[in-house]
Amino acid sequence: MTTEGIITAKGRVGPANRQLTVAKVAVSQGAGVDPRMTRIVLAYAAFATVWLVIGTLIGEFMGFALVWPEMAQVSWLSFGRLRPVHTNMVFWGWASLGMLGLGHYVVTVTSRVRLHSYALAWVALGLINLTVVVGTLFLLAGVNNGGQEYREYIWPAMLPFALALMLTGYNFYRTIESRQTDEIYISNWWILSAIIWTTVLATIAYLPGYQEGMGQTIIQGYYMHQGVGMWFTPMVLGMAYYLVPKLLNTPIYSYSLGALAFSTQLLFYTMIGTHHFIFSPVPWWLQTVAIVFSIGMVIPVVAGTANFALTARGKWSMIRKSYALPFLAAGIFYYCFVSLQGSLEALRTANLYWHFTNFTVGHSHFSMYGFITFMIWGGIYGMVPHMTGRNPRQLLVGVHFWLAFVGIGIYGVSLSIGGHLQGVSWIAGEAFMESVRMMAPFWLWRAVGGTLMFVSHLLFAYNFWHMLPKKQGEDAAAPAPDETGECEQVMDAAANVEVANA
């Protein structure tokens with residue numbers, strides 16, 4: 001992408017053909033890519049993209065409704081109904097499908113075998129889509145699981161998702177079992193464990209008959225935090241342990257650091273859910289245990305972040321030339337930032353000011369968007385061109401990145417500042433409505449940031465469509481993927497790195 005005769009800051013005409021964006025290294029179709037696996041990954045990513053656009057369109061509407069409440073006068077457009085539609089759709093529709101689609105590829109390529117069953121992968125895809133459709137219809141009709149955050153879907157709607165997880169777990173297990181490598185690559189530890197943990201979590205969350213009174217509250221804290229820490233986090237970290245070294249064409253810095261991060265994640269994360277109920281009637285000792293284990297989370301976060309940073313040491317120029325690595329770098333940054341922020345929020349003094357305010361909304365978006373979503377985008381931009389041989393337009397990828405990156409920054413920072421001031425107002429004993437009026441300008445900035453993010457999703461959808469394989473006969477007319485003349489094939493050159501540390 002070039003321009004001619006650029007006017008410089010001093011009014012002179014600059015050199016012709018100056019690059020508007022950093023030239024990206026084009027990726028060609030990898031040799032021996034399994035077409036059945038390609039179809040599975042593309043199908044998962046395509047449905048994920050649809051749910052991302054619809055789910056965040058609903059979020060965009062809610063953001064505007066906070067600024068102009070008269071927009072939501074119809075019951076099914078009320079904030080209380082649309083909010084769980086938005087969160088569940090992006091959790092189970094966008095993020096889960098995106099992660100599982102990429103997970104199918106990572107598990108097979110790091111095990112150096114074909115998928116155990118392609119049919120099971122298609123069945124799981126159908127079941128998850130069924131969950132999102134049925135769950136959304138129930139929520140819009142006002143049928144839900146009560147005020148239990150992130151498990152608003154009633155159990156008949158969530159049952160297909162649980163079945164899909166079990167089928168996928170079995171499929172991945174049998175694939176890894178037949179691997180052609182001596183060791184199980186660390187990505188597969190994370191991915192397989194995430195599915196096992198989440199299957200257990202869903203069973204505990206929806207098993208009837210024992211959740212009453214305070215017990216239900218404790219289970220709720222356990223469920224909603226494990227959903228993030230034992231499902232989304234290990235799935236995308238498992239992908240990152242494959243993608244980062246592969247795209248950088250270098251082995252992961254330390255297998256031992258990866259094992260340390262994995263084991264301490266399992267040790268500490270399972271006990272931190274109650275830090276959402278500090279100063280509540282939940283037993284004081286249980287609150288203290290959650291705080292201690294939240295501080296312990298510093299160990300896996302620092303170990304994991306350092307491992308990725310040291311892997312990228314001396315390779316920073318490659319990040320600028322890659323479609324995918326900027327997204328992965330942003331995701332790793334947010335992984336470190338939001339995790340340490342979460343440990344800080346667990347402390348009683350910080351919790352007193354920030355919890356139940358808009359600060360928590362900003363924190364959750366830093367987590368699910370800055371960390372999880374950016375990592376999925378990095379995976380799709382990194383893997384899809386490798387499977388289809390079709391690269392996105394580098395200018396549009398750059399616009400997508402910066403709109404999303406700036407958007408989440410505006411969104412999160414405005415809610416963090418406003419949420420802190422909310423907490424100060426409540427502690428000072430001011431009337432609740434004063435804190436609502438005070439939030440008005442911060443909700444406006446939230447809508448601005450959310451709009452940038454939503455526009456970036458439309459660009460991502462277009463970029464994904466552009467990466468899909470052309471119909472037969474159109475490929476011959478398509479331009480060469482590498483318009484810059486740089487033909488370095490990072491993906492192919494890194495083929496031997498995939499399991500170098502296994």
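Residues numbered from 1 in each chain as written. Predicted model: local features only at pLDDT ≥ 70, side-chain atom pairs only at ≥ 80, totals over all residues. Heavy atoms only, no water.

Engineer: Would you mind showing me how to read helix α7 (residues 255-269) here?
Structural biologist: Along an α-helix, a turn takes 3.6 residues, which lines up residues three or four apart on a common side. A rise of 1.5 Å per residue sets the reference length of α7, with its 15 residues, at 21 Å; its end C-alpha atoms lie 21 Å apart and thus fit the reference within 8%. Every buried residue of α7 is listed here: G258, A261, F262, T264, Q265, F268 and Y269. Where α7 begins, one side-chain oxygen reaches toward the backbone nitrogen of S256, 3.3 Å away; that side chain belongs to S254. (Helix = DSSP H or I, 4+ residues; strand = E, 2+ residues; numbered from the N terminus. Expected span 1.5 Å × (residues − 1). Buried < 20%, exposed > 50% of the residue type's maximum accessible area, 1.4 Å probe, protein only. Polar contact = N/O pair within 3.5 Å; in protein donor to acceptor, adjacent residues only side chain to side chain.)

Engineer: Explain the packing of helix α2 (residues 79-111) against helix α6 (residues 214-248) here, please?
Structural biologist: For any two helices packed against each other, the geometry is given by the interaxial angle and the distance between the axes. Two elements in contact, α2 and α6, have axes whose closest approach is 9 Å; the angle formed by their N-to-C orientations is 40 degrees. Our pair here, α2 against α6, has a crossing hand that is left-handed. Mapping the contact onto sequence places F91, W92, A95, S96, M99, L100, L102, Y105, V106, V109 and T110 in α2 and Y223, W231, F232, M235, V236, M239 and Y242 in α6. Tallied by class, residues from the contact of α2 with α6 come to 16 nonpolar, two polar and no charged. (Axes fitted to C-alpha atoms, helices over the stretch in contact; angles between N-to-C directions. Left-handed = near helix turned anticlockwise from the far one by under 90°. Contact = heavy atoms within 4.5 Å. Nonpolar A, V, L, I, M, F, W, Y, C, P; charged D, E, K, R; others polar.)

Engineer: Help me out: how do you make sense of unusual backbone geometry in this one?
Structural biologist: Among all residues save glycine, negative phi is the norm, and among peptide bonds the norm is trans. The backbone of F279 sits at a positive phi, close to 70 degrees, despite the residue not being glycine. Within the element layout of this structure, F279 appears in the loop between α7 and α8 (284-296). Positive phi is not limited to glycine here, since F356 has a value of about 70 degrees. Looking at the element boundaries, F356 is found in the loop between α12 (348-354) and α13 (358-388).

Engineer: Looking at this model, I keep getting lost on the environment of T270. Mind explaining?
Structural biologist: Its location among the elements puts T270 in the loop between α7 and α8. Through-space distance from the C-alpha of T270 to that of A290 is 9.2 Å; in sequence the pair is 20 residues apart. With sequence-adjacent residues up to four places away left out, T270 is seen in contact with Y222, Q226, M230 and Q265. Separated by 3.4 Å, the side chain of T270 and the backbone oxygen of L266 make a polar contact.

Engineer: What exactly am I supposed to notice about the environment of A48 here?
Structural biologist: On the secondary structure map, A48 appears in helix α1 (residues 35-67). Judged by relative accessible area, A48 falls into the buried class, the value being 0%. Considered as a pair, A48 and G101 are 53 residues apart in the sequence and their alpha carbons are 9.0 Å apart.

Engineer: Help me out: how do you make sense of the nonpolar core in this one?
Structural biologist: Nonpolar side chains in soluble globular proteins tend to be buried together. Judged by nonpolar contacts, the single largest core of 129 residues is most densely connected at W92, W231, W377 and I380. The element contributing the most residues to this core is α6, with 17 residues. If we skip the residues at most four places from it in the chain, I380 touches A45, W94, L102, P385, F460, F464 and M467. (Core = buried A, V, L, I, M, F, W, Y, C linked by side-chain atoms within 4.5 Å.)

Engineer: Just to check I follow, could you spell out empty space enclosed by the protein for this structure?
Structural biologist: Where empty space is left in the structure can be found by rolling a water-sized probe over the atoms. One pass over the structure, following the stated rule, counts two cavities of 30 Å³ or more. The calculated volume of the largest cavity comes to roughly 80 Å³. Forming the boundary of the largest cavity are W92, M158, F161, L165, T198, L201, A202, Y223, G227 and W231. Among the secondary structure elements, those contributing two or more residues to the lining of the largest cavity are α4 (155-177), α5 (186-206) and α6. Tallied by class, residues from the lining of the largest cavity come to eight nonpolar, two polar and no charged. For the second largest cavity, the calculated volume is near 30 Å³. What lines the second largest cavity is simply F91, W92, Y150, Y223, M224, G227, V228 and F232. If you list the elements that add at least two residues to the lining of the second largest cavity, you get α2 and α6. The element contributing the most residues to the lining of the second largest cavity is α6, with five residues. Class assignment of the residues belonging to the lining of the second largest cavity gives a composition of seven nonpolar, one polar and no charged. (1 Å grid on protein atoms, 1.4 Å probe; cavity = no way out; pocket = protein on both sides within 12 Å on 5 of 7 lines; lining within 4 Å. Points joined across faces, edges and corners; volume = space filled by probe spheres on them.)

Engineer: Hey, could you run me through the packing of α6 against helix α9 (residues 298-311) in this one?
Structural biologist: The N-to-C vectors of α6 and α9 enclose an angle of 15 degrees; their axes lie 10 Å apart at closest approach. Considered as vectors, α6 and α9 are oriented roughly parallel to each other. Crossing handedness for the pair α6 and α9: left-handed. Residues L237, A240, Y241, V244, P245 and L248 of α6 form the contact with α9, whose own contacting residues are G304, N307, F308 and T311. (Parallel < 35°, antiparallel > 145°, perpendicular 65-115°, else oblique.)

Engineer: Can you walk me through the pattern of salt bridges in this structure?
Structural biologist: A side chain of one charge can pair with a side chain of the opposite charge when the charged atoms of the two come close. Applying the stated rule across the entire model yields five salt bridges. The shortest N-O distance in the salt bridge between E177 and R174 comes to 3.0 Å. Taken together, the residues E177 and R174, both in helix α4 and three residues apart, mark about one turn of the helix. Between E434 and R437 there is a salt bridge; the shortest N-O distance is 3.0 Å. Linking E434 with R437, this pair stays in helix α15 (residues 432-467), spanning three residues, or about one helical turn. Overall, R437 belongs to the exposed group, its relative accessible area being 53%. (Salt bridge = Lys/Arg side-chain N within 4 Å of Asp/Glu carboxyl O.)

Engineer: Mind showing me how you'd approach the side chain of H355 here?
Structural biologist: Its place among the elements puts H355 in the loop between α12 and α13. Its relative accessible area of 13% is what places H355 among the buried residues. Looking at H355, its side chain comes within polar contact range of the main-chain oxygen of H276, at 2.8 Å.

Engineer: Would you mind going over the confidence of the model for the chain with me for this structure?
Structural biologist: Low-confidence regions, as indicated by low pLDDT, have predicted coordinates that should not be scrutinised in detail. Of all residues in the chain, 87% have pLDDT values of 70 or greater, and the mean over the chain is 87. Mean pLDDT values over the elements of the chain span from 36, in helix α16 (residues 490-493), up to 97, in helix α3 (residues 118-140). Throughout residues 1-16 the model reports pLDDT below 50, and contacts reaching past four residues in sequence, or to other chains, amount to 26 contacts. Every residue in residues 475-502 is under pLDDT 50, and counting partners more than four places away or in other chains gives 53 contacts. (pLDDT = per-residue confidence, 0-100.)

Engineer: Is there a simple way to explain a nonpolar patch on the surface in this structure?
Structural biologist: A contiguous nonpolar surface patch, about 420 Å² in accessible area, is contributed by W155, L159, L163 and M166. One can find M166 in helix α4. Classification of M166 as partly exposed rests on a relative accessible area of 45%. (Patch = residues over 30% accessible without salt bridge, like charges linked within 9 Å, V, L, I, M, F, W, Y side chains within 5 Å. Areas by Shrake-Rupley, 256 points an atom, 1.4 Å probe, with all protein chains shown as cover.)

Engineer: Help me understand the side chain of T305 in this model?
Structural biologist: Here T305 shows up in helix α9. Overall, T305 belongs to the buried group, its relative accessible area being 16%. Within polar-contact distance, the side chain of T305 engages the backbone oxygen of V301 at 2.8 Å. Ignoring anything within four residues of it in the chain, the contact list for T305 reads I332, Y335 and C336.

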